[in-house]
Each structure stands twice: as C-alpha cells, then as structure tokens.
Amino acid sequence: MKTTVVLLMTFISLISYSQETSSITVTINNVPNDKGIVGYGLYSKDNFMVAAPIKAAESNITNGKTTVTFEDVPLGTYAILCYHDSNGNGKMDFETNGMPTEAYGGSNNVMAMGPPRWEDCKFELTEKPVELEIRF
C-alpha cells in the first residue's frame, strides 16, 4: 500500500512539474521619450485590471524603444498591459478626471475610449513563443 501511494504521489508531482511553457516577447517602438521606464504586466482573465499581474517586468528605454521577455509562461490565454512611467514614481498617473497622463497600451493594440478590456487584449500562448508589438 505504501508503495502504491508513493508511486501515485511521484506521478502527480511529475505531471505538475512537466507543465508545458513558452515565452512572450513584447516590444514597444514608440515610447514618447527615454525618461523613466516602461512597466509591463502579464494577466489572466481572473486578475485582469483587478489584481497584481501574474508576472511583471520593466525595461529602460533607448531611442523610444523597449523590449521585455516573459519566460516559462504556462500555455493559456493572457493579456499584456504596459505603461510609460516617465516620472519614475512606480505607478501610472492620472488627471483628476481619470484620464491617464502617461502613455499606455495593451496587447492587440485596441485603443477604445475607457480602460482596456480583457476581450480586446487577450491572446493565446501555445508551444510557439509569441512576439508582440504594442503601440502607445
């Protein structure tokens, strides 16, 4: 009986550790200036715009361009949101009326009135690495 339990637990552990992953590379070529950094967030449907991202990254800007890569991401449906933290305060800034004062963008580059929506930003990560270009 102990041997059966140990084998079963080993099998379950191997399944959970062998989850397939891939990578997502995100490039922005039109950052308004080279001040500050660009912050990136990788989201699932469950945490999109309501909680911290699954993975976060930031990148310096050179000649209006920045790139990051999210490695070892489990296959699935995701969205990327990013913003230009031009003043380096670690957050996106807004006017008193709620309009952003810093450039931002999302995967699929849908620029609608109001905040980004999951349905507009989502994409599928499969075994093949994804390369996205986001425009501000």
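A few points on the structure.

What counts and how
Residues numbered from 1 in each chain as written. Predicted model: local features only at pLDDT ≥ 70, side-chain atom pairs only at ≥ 80, totals over all residues. Heavy atoms only, no water. Core = buried A, V, L, I, M, F, W, Y, C linked by side-chain atoms within 4.5 Å. Buried < 20%, exposed > 50% of the residue type's maximum accessible area, 1.4 Å probe, protein only. Helix = DSSP H or I, 4+ residues; strand = E, 2+ residues; numbered from the N terminus. Contact = heavy atoms within 4.5 Å. 1 Å grid on protein atoms, 1.4 Å probe; cavity = no way out; pocket = protein on both sides within 12 Å on 5 of 7 lines; lining within 4 Å. Points joined across faces, edges and corners; volume = space filled by probe spheres on them. Nonpolar A, V, L, I, M, F, W, Y, C, P; charged D, E, K, R; others polar. Lys, Arg positive; Asp, Glu negative; His and termini not counted. Salt bridge = Lys/Arg side-chain N within 4 Å of Asp/Glu carboxyl O. Polar contact = N/O pair within 3.5 Å; in protein donor to acceptor, adjacent residues only side chain to side chain. Phe/Tyr/Trp six-rings, centres within 6.5 Å; stacked < 30°, edge-to-face > 60°.

Some remarks on the nonpolar core
Link 1 in the chain: Ile24, Val26, Ile28, Val38, Tyr40, Phe70 and Ile80 are the most contacted members of the largest nonpolar core, which has 20 residues in total.
Link 2 in the chain: Within the residue set of this core, elements represented by two or more residues are strand 1 (21–28), strand 2 (37–43), strand 4 (66–74), strand 5 (76–85), strand 7 (123–125) and strand 8 (130–133).
Link 3 in the chain: Sequence-distant contacts of Ile28, defined by excluding residues within four places in its chain, comprise Val38, Tyr40, Gly64, Lys65, Thr66, Cys82, Ile134 and Phe136.
Link 4 in the chain: Counting residues in each nonpolar core, the second largest holds 6 residues, with Tyr43, Ala79, Leu81 and Trp118 among its members.

Thoughts on the layout of surface pockets
Link 1 in the chain: Taken as a whole, the largest pocket encloses approximately 630 Å³ of empty space.
Link 2 in the chain: What lines the largest pocket is a set of 27 residues, among which Met49, Leu81, Tyr83, Met92 and Tyr104 lie closest to the centre.
Link 3 in the chain: Secondary-structure elements contributing two or more residues to the lining of the largest pocket are strand 2, strand 3 (55–60), strand 5 and strand 6 (104–106).
Link 4 in the chain: Counting residues per element, the lining of the largest pocket draws most heavily on strand 2, at 5 residues.
Link 5 in the chain: The residue inventory of the lining of the largest pocket, partitioned by class, reads 19 nonpolar, 6 polar and 2 charged.

Comments concerning the environment of Ala56
Link 1 in the chain: Inspection of the secondary structure assignment puts Ala56 in strand 3.
Link 2 in the chain: Spatially, the C-alpha atom of Ala56 lies 9.6 Å from that of Ile80, the residues being 24 residues apart in sequence.
Link 3 in the chain: Filtering out sequence-adjacent residues up to four positions away, Ala56 remains in contact with Tyr40 and Phe70.

Things to note about the side chain of Glu102
Link 1 in the chain: Looking at the secondary structure, you find Glu102 in the loop between strand 5 and strand 6.
Link 2 in the chain: Lacking a salt bridge, the buried Glu102 has Lys91 as its closest oppositely charged neighbour, with an N-O distance of 8.7 Å.
Link 3 in the chain: Among the polar contacts made by the side chain of Glu102, one reaches the main-chain amide nitrogen of Ser86 at a distance of 3.1 Å.
Link 4 in the chain: Polar side-chain contacts of Glu102 include one of 2.9 Å to the backbone nitrogen of Asp93.
Link 5 in the chain: Setting aside chain neighbours within four positions, we find Glu102 in contact with Tyr83, His84, Asp85, Ser86, Asn87, Lys91, Met92 and Asp93.

Overview of the packing of aromatic side chains
Link 1 in the chain: Tallied over the full model, the rule gives 2 aromatic pairs.
Link 2 in the chain: Geometrically, the ring pair formed by Tyr43 and Phe48 is edge-to-face, given 6.0 Å between the ring centres and 85 degrees between the ring planes.
Link 3 in the chain: Take Phe48: its relative accessible area is 8%, and that puts it in the buried class.
Link 4 in the chain: Ring plane angle 65 degrees and centroid distance 5.6 Å describe the contact between Phe48 and Trp118, whose orientation is recorded as edge-to-face. Remark: Trp118 occurs in helix 2 (residues 118–121) and Phe48 occurs in the loop between strand 2 and strand 3; sequence separation between them is 70 residues.
Link 5 in the chain: Through a chain of ring-to-ring contacts, three or more aromatic side chains come together here, namely Tyr43, Phe48 and Trp118.

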